[in-house]
Amino acid sequence: MPFWKVTNANIYYEVIGEGIPIMMLHGFSPDHRLMKGCMEPIFNESDGWKRIYIDLPGMGKTKDYENISNSDEMLTTVLEFINTFVPDQPYVIVGESYGGYLARGIMQVHRDRILGTAFICPLILPEKQDRTVPSHSIIAVDQPFLDTLTKQEVDDFSSHQVVLDESNWQRYSNEVLAGCQIADEHFLEKIQQSYGFTFHLEDIIFHQPSLFLLGKQDAVVGYKDAFDVIELFPRATFSILDRAGHNLQIEQSNIFHALVSEWLDRVIESNRSSFL
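The sections below set out a description of the structure shown in this document.

Analysis parameters
- Residues numbered from 1 in each chain as written.
- Predicted model: local features only at pLDDT ≥ 70, side-chain atom pairs only at ≥ 80, totals over all residues.
- Heavy atoms only, no water.
- Buried < 20%, exposed > 50% of the residue type's maximum accessible area, 1.4 Å probe, protein only.
- Helix = DSSP H or I, 4+ residues; strand = E, 2+ residues; numbered from the N terminus.
- Pairing = 2+ DSSP bridges.
- Right-handed = clockwise from strand over helix to strand, strands pointing away.
- Arc of directions from axis to C-beta.
- Axes fitted to C-alpha atoms, helices over the stretch in contact; angles between N-to-C directions.
- Parallel < 35°, antiparallel > 145°, perpendicular 65-115°, else oblique.
- Contact = heavy atoms within 4.5 Å.
- Nonpolar A, V, L, I, M, F, W, Y, C, P; charged D, E, K, R; others polar.
- Salt bridge = Lys/Arg side-chain N within 4 Å of Asp/Glu carboxyl O.

Counting buried positions over the six residues of strand S5 (residues 91-96) gives six, a clear majority of the element. The side-chain alternation of S5 yields two buried faces, one formed by Tyr91, Ile93 and Gly95 and the other by Val92, Val94 and Glu96. The pairing of strand S3 (residues 20-25) with S5 spans four bridges and is classified as parallel. By the bridge assignment, isoleucine 22 is partnered in S5 with valine 92. By the bridge criterion, six bridges tie S5 to strand S6 (residues 114-120) in an arrangement that is parallel. Residue pairing for S6: tyrosine 91 is matched across the bridge by isoleucine 114. Regarding the hand of the β-α-β motif, the stretch spanning S5, helix H3 (residues 98-110) and S6 is right-handed.

Rendered as structure tokens:
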């Protein structure tokens, strides 16, 4: 089982493929399976990428993280992993939800090393009361399938997804819920007390190809707040997907696949020398 020791954690990681490193950062509570489940099918059609999946401290199999107390220290830990695992190399980063917030923190330090960024339902404003979010809604229901689940499963499923059918349940259960069930809740509660960075994210203009994927029915982080940073990403595609909540990579998997593949093509096009 591969672990990478940094100052304040022993980080579990998985590496697939060879080529330009692409860091995968999942959100708050799940583990690397969230990113692996939605991203790996894309690389069946795209070579030249070294995919690096990690479990953030307090989540998945990562251990020895007890000295981390806030998001500043979470960011420092991820930066140390990157600096020691892919030292002095250009790389690409994909962040989902809280992972997207960490990615913007990483960009403050590694702006000249990052060849492209993708954000999946990114956390823009860490404090819930500051976010503009829609009320949770259900868009589509396969009732005969729901009748096969337990009440607890239905309650959890319907609280987090907006499309309730068998294929969405299987992926949600395997890629999201499985990680949440092994998360260190006590530790995560501590982090949530200092969820936002103590420093201001500078308004860096990032000129490399980027992608923002936002769920129209995302009741966790919403979609409107992301437009506050649109001018900072002149090479970004911003896409708001209907029939998609906070797990749009599952509920709109075909569009997700197409848009991420197109973004990877743009990253290669803009950085030809790095891919030779």
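Text resumes after the structure shown.
For helix H1 (residues 32-39), the full list of buried residues reads His32, Leu34, Met35, Cys38 and Met39. All buried residues of H1 fall inside an arc of 160° around its axis, so they share one side.

Here we take up the packing of helix H5 (residues 151-160) against helix H6 (residues 166-180). Between H5 and H6, the shortest axis-to-axis distance is 11 Å and the interhelical angle comes to 85°. Comparing the axis directions of H5 and H6 gives the class roughly perpendicular. Between H5 and H6, the residues in contact are Glu153, Asp156, Phe157 and His160 and Asn168, Trp169, Tyr172 and Leu177, respectively. For the contact of H5 with H6, a count of residues per class yields four nonpolar, two polar and two charged.

Attention now moves to the pattern of salt bridges. A complete count under the given rule lists seven salt bridges for this structure. In this structure, the salt-bridge partner of arginine 33 is aspartate 31, at a minimum N-O distance of 2.8 Å. Under the relative-accessibility criterion, arginine 33 is labelled partly exposed at 30%. With a relative accessible area of 2%, aspartate 31 lands in the buried category. Residues arginine 171 and glutamate 175 are paired through a salt bridge, measuring 2.9 Å at the closest nitrogen-oxygen approach. Residue arginine 171 and its partner glutamate 175 are located together in helix H6, separated by four residues, close to a single helical turn.

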